Amino acid sequence: MSWLVVSPVALPLAAAALAFAWTGNRAAQRIVSTTASLVLAGLTITLLVSVSQHGTLVMQAGGWAAPFGITFVADHLAAIMVAISGLMTAATAVYALADIDPAREALGYHPLFLVLVAGINGAFLTGDLFNMYVWFEVLLISSFVLLTLGNRRAQLEGGLKYVTINLVSSLLFLVSIGLTYGLTGTLNMADLAIALKGAPAGLVTVLAMLFLIAFGIKAAIFPLFFWLPASYHTPPVAISAIFAGMLTKVGVYSLIRVFTLLFIQDVGWTHQTLLWLSGFTMVTGVLGAAAQSEFRKILSFHIISQIGYMILGLALYTQLALAGAVFYLVHHIIVKANLFLVAGLARRVGGSFELADLGGLYRKRPLLAILFLVPAFSLAGFPPLSGFWAKLVVVLAAVEARSWILVAVSLGVGLLTIYSMTKIWQAAFWSPPPSGRSVGPMPSWQLVAPVALLAVITIVIGLWSEPFLALAEAAARELMDPAGYVRAVLGDGAALRYAEAGP
Amino acid sequence: MEVPVAITVGIVFGAGLYLVMQRNLLRFVFGLILLSGSVNMALFVSGRLTRNLVPLVPEGAQVPPVGAANALPQALILTAIVIGFGLTVFALVLLLRTYERLGTVATDQLSLRLDDPRPVDGSHNDAPAETAAGEAAPGKAER
């Protein structure tokens, strides 16, 4: 089974090499990229099924026993994230067939996209802190190039902000890793869980804050999010969709991983900090969105406010709250990427991303209107779509924890989300088209099919939410039981040592 | 041995932070190089510094002798140097391109220049405006 654990990393890397070797042969590159993405989606779902049947799967690279080698761990959380990343890869790969122009393809879009996917999956699956840094760099460097590929002025300006802040964040991550190694002498996450339990509490909290800043920049939490709305609306739609869906969520995943496995000595301080940050993240994100009038900028600010809900789930640190956070991750990735893809459709039909230049799409292109309504309503949290259940679980957990302020904030932010979505709806779909603007024909099937597929999945998660909630709960159960993770990676003896290491 | 190196790391890191907060993006990149160097040094110290003992396992023994140098941080640094080099080069090229297209590397000027429709010089304007049919032709096509 161990090949299955690394296949979500190995397959895109191999395909990227193949696509790179075929530089100059556009048709071959497109076939490689699409095939690899579709196979990847199948493989990742197989991995998820296999994890939910057999429990955590572990693979030691090169047969070096943990903690000496590099470990790949697929527990429920990692498997869920990888499965959703496989789905997004397939959807955006098909969309890109008609969205990315030949000039960008000639400059290496396909290999870069595949390397990006390998980096994302590697960050989800690795069980080693330094290895996680390497995967972060793999996905960062390819995202840098994808973001600036094409060299337009807006791209360069947005790209500069994105690149500089992310480089600083990477260095913070690296220095935190160095200090962690200096304190404990190990970088295997399961081994670290044991070592940090016996380490001086004050030093561990300092490390926790360093990691919070490093991952917080990637996840775009308050007050570290300014790079996101400055850059995500500049590249072509297929690229900004995979960025919006997956990249910040790698940061959220890393936060969840380290704040449930490694830094749980002083929950009163660390998770309380996360709690306040989550509230500010929600509010600033949604207020920022209210001030925007460009389709993709509104959506970018909403990424930030939605990240707040996930961090809230992590900060409450109960099983229900974590299940909510995991469910929210899945819901949000699908819906947000889909909204970016719809924004691309609306621009093709209506001719602009500016809401002021759009109009009349509901009357002229009812199918497009429906494709927008499903993810938009889901993002706003209307029942029975996926966003309703995600918000419900997180808010329920907040009620259980009696954080009334956060309950009020999250409900208020939900209302403002509806305001933003109706603003888009009103301006782009309902109002009459501005004079002199014509409405174009519906775009080709490569663009519509991924949007329709993701919309159907949103509806399915909403109507049959039970199995998805069960998966999220299984992930949350594992997250609340770090000893189980230690046992899966290092064996029973280590789990005993973990139990004896501290309170 | 660790203390003087740790203090050096602090000084270089501080200098790097100072440069990173400058308005001129070229200085930002220099700051990044300093930061990256000091972080690598921090990694090095975190493995503890010893002298004169190479980490080789003597014949017949199972583990290296006590007090041998720690090889792991050196492997980590090697990886980090390679990654840091690649990222720095990319940042420099990006900076060069931005200077060519927008005519400035001062952070507070960038967004102003972006809204300014006048081309910086004749050859680099944004002429192929976006149309409903597709994105503006990128890179090579514009030159």
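Residues numbered from 1 in each chain as written. Chains lettered and ligands numbered in written order. Predicted model: local features only at pLDDT ≥ 70, side-chain atom pairs only at ≥ 80, totals over all residues.

### Comments concerning the overall build of chain B
Next, step 1: When helices and strands are tallied, chain B shows four helices and zero strands.
Next, step 2: Across chain B, helices and strands are ordered from the amino to the carboxyl terminus as α-α-α-α.
Next, step 3: When each of the 143 residues of chain B is scored for burial, the buried share is 24%. (Helix = DSSP H or I, 4+ residues; strand = E, 2+ residues; numbered from the N terminus. Buried ≥ 20, exposed ≤ 12 C-beta atoms within 10 Å, placed from the backbone.)

### Here we look at the pairing of strand β2 (residues 71-74) of chain A
Residue and element names in this part refer to chain A.
Next, step 1: The two faces of β2 match: Thr-71 and Val-73 on one face and Phe-72 and Ala-74 on the other face are all buried.
Next, step 2: Sheet topology note: the strand β1 (residues 57-60)/β2 ladder contains four bridges and is antiparallel. Note that in β2 the partner of Val-58 across the bridge is Val-73. (Pairing = 2+ DSSP bridges.)

### Things to note about the environment of B:Glu2
All names here are of chain B.
Next, step 1: Mapped onto the secondary structure, Glu-2 falls in helix α1 (residues 2-20).
Next, step 2: Remark: the alpha-carbon pair of Glu-2 and Arg-48, spanning 46 residues in sequence, is separated by 6.8 Å.
Next, step 3: Excluding its chain neighbours within four sequence positions, the residues that come into contact with Glu-2 are Val-45, Arg-48 and Leu-49. (Contact = placed C-beta atoms within 7 Å.)

### With respect to the interface of chain A and chain B
Next, step 1: Of the residues lining the interface, 35 residues belong to chain A; the matching set on chain B comes to 37 residues.
Next, step 2: Put simply, the parts of the chain that give the side of chain A that touches chain B at least two residues each are α4 (102-106), α6 (129-148) and α7 (153-184) of chain A.
Next, step 3: At 17 residues, the largest contribution of residues to the side of chain A that touches chain B is made by α7(A).
Next, step 4: Taken together, the residues of the side of chain A that touches chain B break down into 19 nonpolar, nine polar and seven charged. (Nonpolar A, V, L, I, M, F, W, Y, C, P; charged D, E, K, R; others polar.)

### What to know about unusual backbone geometry
All names here are of chain A.
Next, step 1: The residue after Phe-222, namely Pro-223, is reached through a cis peptide bond having omega -5°.
Next, step 2: Summarising the element assignment, Pro-223 is placed in the loop between α9 (201-219) and α10 (227-231).
Next, step 3: Cis peptide bonds are those with omega within 30 degrees of zero, and the linkage from Pro-383 to Pro-384 qualifies with 5°.
Next, step 4: Mapped onto the fold, Pro-384 is located in the loop between α16 (366-380) and α17 (386-400).
Next, step 5: The backbone of Arg-402 shows a phi angle near 60°, a positive value even though the residue is not glycine.
Next, step 6: Here Arg-402 lies in the loop between α17 and α18 (404-430).

### Considering the packing of helix α3 (residues 76-99) of chain A against helix α5 (residues 109-125) of chain A
Residues and elements named next belong to chain A.
Next, step 1: Running from amino to carboxyl end, α3 crosses α5 at an angle of 170°, the nearest separation of the two axes being 9 Å. By the angle class used here, α3 and α5 are roughly antiparallel. On α5, the residues that touch Ala-78, Met-81, Val-82, Ser-85 and Thr-89 of α3 are Val-117, Ile-120, Asn-121, Phe-124 and Leu-125.
Next, step 2: Of the residues that constitute the contact of α3 with α5, the class distribution is seven nonpolar, three polar and no charged. (Axes fitted to C-alpha atoms, helices over the stretch in contact; angles between N-to-C directions. Parallel < 35°, antiparallel > 145°, perpendicular 65-115°, else oblique.)

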